[in-house]
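# Tertiary structure, described
In case you want the letters, here they are:
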Amino acid sequence: MGAPPTRPADRAFTRPRRRPIAALAALVALLAVGAGVLVDLSTPTPRAADAPAGEFSAARAYRNVEVIAARPHVAGSEANDRVREHLVGVLRGLGLETEVQDAVAPEAGQLSGAAGGATVARVRNVVARLPGTDPTGKVFLVSHYDSVQTGAGGNDDAAGTSAVLEVARALSTGPRPRNDIVFVLTDAEEACLCGAAGFAADHPLAADGGVVLNLEARGSTGPVIMFETSRNNARLVDVFGRAAPHPVGTSFAVEIYRALPNDTDFTAFLDERFVGLNSAYIDGAAIYHTPLDVPARVDRGSLQMHGDNALGLAREFGRTDLGGLRSGHDATYFPVPGGLVRYPGWLTLPLAVAALLAVGALGVLLRRRARATAGTLAAGVGLTLVPIVVAPLGAWLLWAAVTTIRPGYADLLDPYRPGAYRLAVVALAAAVLCGWYALLRRRVGPAALAFGGLTWLALLGVLLAVFVPGGAYLTTLPALAGALAGFAALATRSDGPWPVVAVTLAGAVAVVVLLPPVVLLFPALGMGMGAVAALVAVLLGLAVLPVVDLLHPRAGGQRGLLALRARRLGVLPAGAAALAAVVLAGVGLAVDRFDAEHPVPTHLMYALDAGTGTATWLSREEKPQPWTDGYVDGTARVADDFPGLGGTGLRSGPAVAAPLPAPKVETLADTRTGDQRVLRVRVTPQRQVRLLTLHVDTTTATVRAATVAGRDVPVEPGDGRWGFGVVFHAPPPEGVEITLTLTSTGGPVNLRAMDASDGLSSVAGFRPRPTGVGVVGSHSSEMLAVARTYPL
């Protein structure tokens, strides 16, 4: 015999007698929890320069930011030399053992493989040590001091470097730590991570490994997020949770970053010798790697947060026995107001399964208590897919419309002033959810729709537990809390206060768990992927559906005009949210206009073939801005002429050939044994450049082995005519020796040499950018390349 018919009035978890008061109380409670979450994600008040000597002061650190980021200082430049001298002076002034590691080092990660093959650089790392009293290991505070060629690097990474200097000052004024503290300020991070790779591989202090704390920035403001860890991080995360004053970090972020093709200096330390944490602030990314990244754009609150966390962690790791920090598993963790929740990763799948079972049991109980039928429960599950799919799709379409109106956004990581756009996406997600709920609430029932939301949360939790374990908590915990709240609500009188209390508490859990990713995903992924934040916002809405239901008139019991009035009131939140989304998108377009302080990004390069005397303007803009359009008029594949530039489909246009010399290639030795040929050459720049490349024509020889400046480099031939090459960043004026072991075809071996400098103002035909037109954040922006083929 089936369950008795369900009256519409009885389909909800809660039926409080004083519905408006209950709705107001629940809403205020959730808003208060949300406010607490947002406050916890905010940056601290910066400390003044007269703060106690043992504390971190953003004002003191900022003085170093102003010196380091006074001008662009790419690796190998005179400006970088001056920055390095300043760093050495500061550290030696603190009484620390300080040296400069001068070496040729390979790249770490996969930053420049597309630029033509094996990558190395001449690096000069600044290394200082604070000896411990009874060391069990070493703690490394790492940041890079070089900048990109297009910007001074006020945030990336003068802020991190200055934070390390201020931490060094604070530590040197107090009692010495138990463990050695090593301050590593690396060179050539922007080019190839080569400084960190050279230190990790070759420096004696790195031989035994240790704990690495890397400080980065990919923006200009926002909370500092601990977004990457070494594997088996449970003990590290435990230290982070108790020692960092502002522990913002999630295991979900770690999972995302591990899946992305991104690298920082931390990549160089990801081997069995090291464990560690990688932190950065990432909001305000529109100025990343651009001329706008100057000291004045550094958020002192973000700088304070960076320093507070680095100092707290340095002190804790400085007194901890470092021998047992690598645990056997990763932790699941996420921020809550006042701290960091963490639990063993091995609990992830059992919790997810428990949540799914609890939701299933809730469905059974809903049928037995006549709050839903099998049909309405099935409908609730199936129909819940609608907002899960439609809200992200709507967010994507919204941003597509915005970028159609303002195409310059396509070359920005995020708009300059993204706040209104972010709120528009959240409002759109709310409109989709509220409209869906209002349309289906009376037909399917509040309890069945809430069950559908919990079911999808639980199912996603199981999927995440299997494939992305660090992110499973996002849906598992709200699903489990919602199921428990459902049991509590069904166990008491539905018209009393306790069901409202139960669903409000479950909603609070969902807000604490899901609101931080909604907030942090926007700057992490940019508006171009705002659909991801919209999806999480919808999941949050599904988790709080029983509270949302309180904002609607009681389900059922009305007839005629009363029923029509109830339906209209139910649609009102959806209409208001939809209107808000449109208005906020319009506000974003009105407020975030391109101007002198917020210029539209443009990309331009100049490439000269010194052998043929032909030159070309090149741009990576898919839809060139009007200023760029004055240089390029078609597309070109440049890999055959400029293999060091890599890539296909660049925009191109004819340019006047400048009287610039190509790098010189001279043969130092040439020996042959059978079909094997060993060729030793010197490649020497004939002007001041930041990189050299040498490529071998694979139709004339096959490379078997290669040595650059005495260092063996991997031989991984690529596609195309110039299948193997060497990229050398920050080359010395006297040039670079390269030894190639070849299998020759018997004729001359063709070598293609290229160098690159920065700045186009001296090139004939270049017109300065007008007001409101800026430079895109790219490692090839404003590049001037000169190449020539040498048959040997």
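What comes next concerns the included structure. (Residues numbered from 1 in each chain as written. Predicted model: local features only at pLDDT ≥ 70, side-chain atom pairs only at ≥ 80, totals over all residues. Heavy atoms only, no water.)

### Some words on the overall build of the protein
For the protein, the helix and strand inventory stands at 20 helices and 24 strands. For 792 residues, the compact-globule formula gives about 28 Å, and the C-alpha radius of gyration of the protein, at 30 Å, lands near that figure. Reported as C-alpha extents along the three principal axes, the dimensions of the protein are approximately 95 × 65 × 55 Å. Across the 792 residues in the protein, those meeting the buried criterion constitute 59%. Considering only contacts within the protein whose residues lie at least 6 apart along the sequence, 81% involve residues at least 24 apart. Looking at the protein as shown, the accessible area adds up to about 30400 Å², and 60% of this sits on carbon and sulfur atoms. In the protein, which carries 67 positive and 64 negative side-chain charges, the distance between the mean positions of the two groups comes to 14 Å. (Helix = DSSP H or I, 4+ residues; strand = E, 2+ residues; numbered from the N terminus. Rg over C-alpha atoms; globule rule 2.2 N^0.38 Å. Buried < 20%, exposed > 50% of the residue type's maximum accessible area, 1.4 Å probe, protein only. Contact = heavy atoms within 4.5 Å. Areas by Shrake-Rupley, 256 points an atom, 1.4 Å probe, with all protein chains shown as cover. Lys, Arg positive; Asp, Glu negative; His and termini not counted. Charge placed at Lys NZ, Arg CZ, Asp CG, Glu CD.)

### Digging into the nonpolar core
Residues F13, L141, F183, L303, L313, F317 and L366 are the most contacted members of the largest nonpolar core, which totals 152 residues. For F317, the residues in contact, after removing those within four places along its chain, are V139, N179, V211, L213, L236, V239, L277, L322 and L325. Among the nonpolar cores identified, the runner-up in size contains 44 residues, and L608, W627, L679 and V786 belong to it. (Core = buried A, V, L, I, M, F, W, Y, C linked by side-chain atoms within 4.5 Å.)

### Things to note about the pattern of salt bridges
By the definition in use, this model includes 32 salt bridges. With a shortest N-O distance of 3.0 Å, R682 and E737 are connected by a salt bridge. Here R682, found in strand β16 (residues 676-684), pairs with E737, found in strand β21 (residues 736-744); they are 55 residues apart in sequence, far enough to count as distant. E737 gets classed as partly exposed once you look at its relative accessible area, which sits at 29%. One salt bridge in this structure joins R721 and D697, with 3.0 Å as the shortest N-O distance. Placement of R721 in the loop between β19 (711-713) and β20 (724-729) and of D697 in the loop between β17 (691-696) and β18 (701-708) is noted, with a sequence separation of 24 residues between them. (Salt bridge = Lys/Arg side-chain N within 4 Å of Asp/Glu carboxyl O.)

### Side note on the pairing of strand β12 (residues 614-619)
Relative to β12, strand β11 (residues 605-609) runs antiparallel, the two sharing five bridges. When the sheet's bridge partners are listed, Y606 is paired in β12 with W617. Between β11 and β12, which pair antiparallel one after the other, the connecting turn spans four residues, and G613 there sits at a positive phi close to 75°. Relative to strand β14 (residues 650-655), β12 runs antiparallel, the two being bridged by five bridges. Paired with L618 across the strands is S652, a residue of β14. (Pairing = 2+ DSSP bridges.)

### Points about helix α3 (residues 78-93)
In a regular helix each residue adds 1.5 Å, so 16 residues correspond to 22 Å; α3 covers 23 Å between its end C-alpha atoms and thus fits that length. Burial in α3 covers these residues: A79, N80, V83, R84, L87, V88 and L91. Buried-residue contacts for α3 involve α2 (58-68), β1 (97-106), β2 (118-130), α4 (154-173) and β4 (180-186). Note on α3: the residue one or two positions beyond its end, G95, has a positive phi of about 80°. (Expected span 1.5 Å × (residues − 1).)

### Remarks on the environment of A537
Secondary-structure assignment places A537 in helix α17 (residues 530-543). When the C-alpha positions of A537 and R554 are compared, they lie 25 Å apart, and in sequence the two are 17 residues distant. Other than its neighbours up to four places away in sequence, A537 contacts A429 and V518.

### Comments concerning unusual backbone geometry
Geometrically, the link from D156 to D157 is a cis peptide bond, its omega value of 5° lying close to zero. Summarising the element assignment, D157 is placed in helix α4. Here A188, not a glycine, exhibits a phi torsion of approximately 60°, which is positive. Take A188: it is sitting in the loop between β4 and α5 (189-192). Residues other than glycine seldom take positive phi values, yet A730 does so here, at roughly 55°. Mapping A730 onto the fold places it in the loop between β20 and β21. Judged by relative accessible area, A730 falls into the buried class, the value being 5%.

### Considerations on a nonpolar patch on the surface
A contiguous nonpolar patch, built from L349, V353, L357, L463, V466 and F467 and spanning about 600 Å² of accessible area, is present on the exposed surface. Those elements that place two or more of their residues in the nonpolar patch are α10 (348-368) and α14 (446-467). With respect to the element layout, V466 can be found in helix α14. (Patch = residues over 30% accessible without salt bridge, like charges linked within 9 Å, V, L, I, M, F, W, Y side chains within 5 Å.)

### Considerations on the sheet that holds β18
With respect to topology, five strands assemble into an open sheet ordered β15-β16-β21-β18-β19, the strand pairing being antiparallel. Looking at strand neighbours, the two that pair on one side only are β15 (664-673) and β19, the edges of this open sheet. The mean inter-strand angle of the sheet, taken between neighbouring strand axes irrespective of direction, is 25°. Here eight bridges tie β16 to β21, and the two strands are oriented antiparallel to one another. Paired with V683 across the bridge in β21 is V736. (Axes fitted to C-alpha atoms, helices over the stretch in contact; angles between N-to-C directions.)

By themselves, these are just geometric observations and shouldn't be taken as functional.
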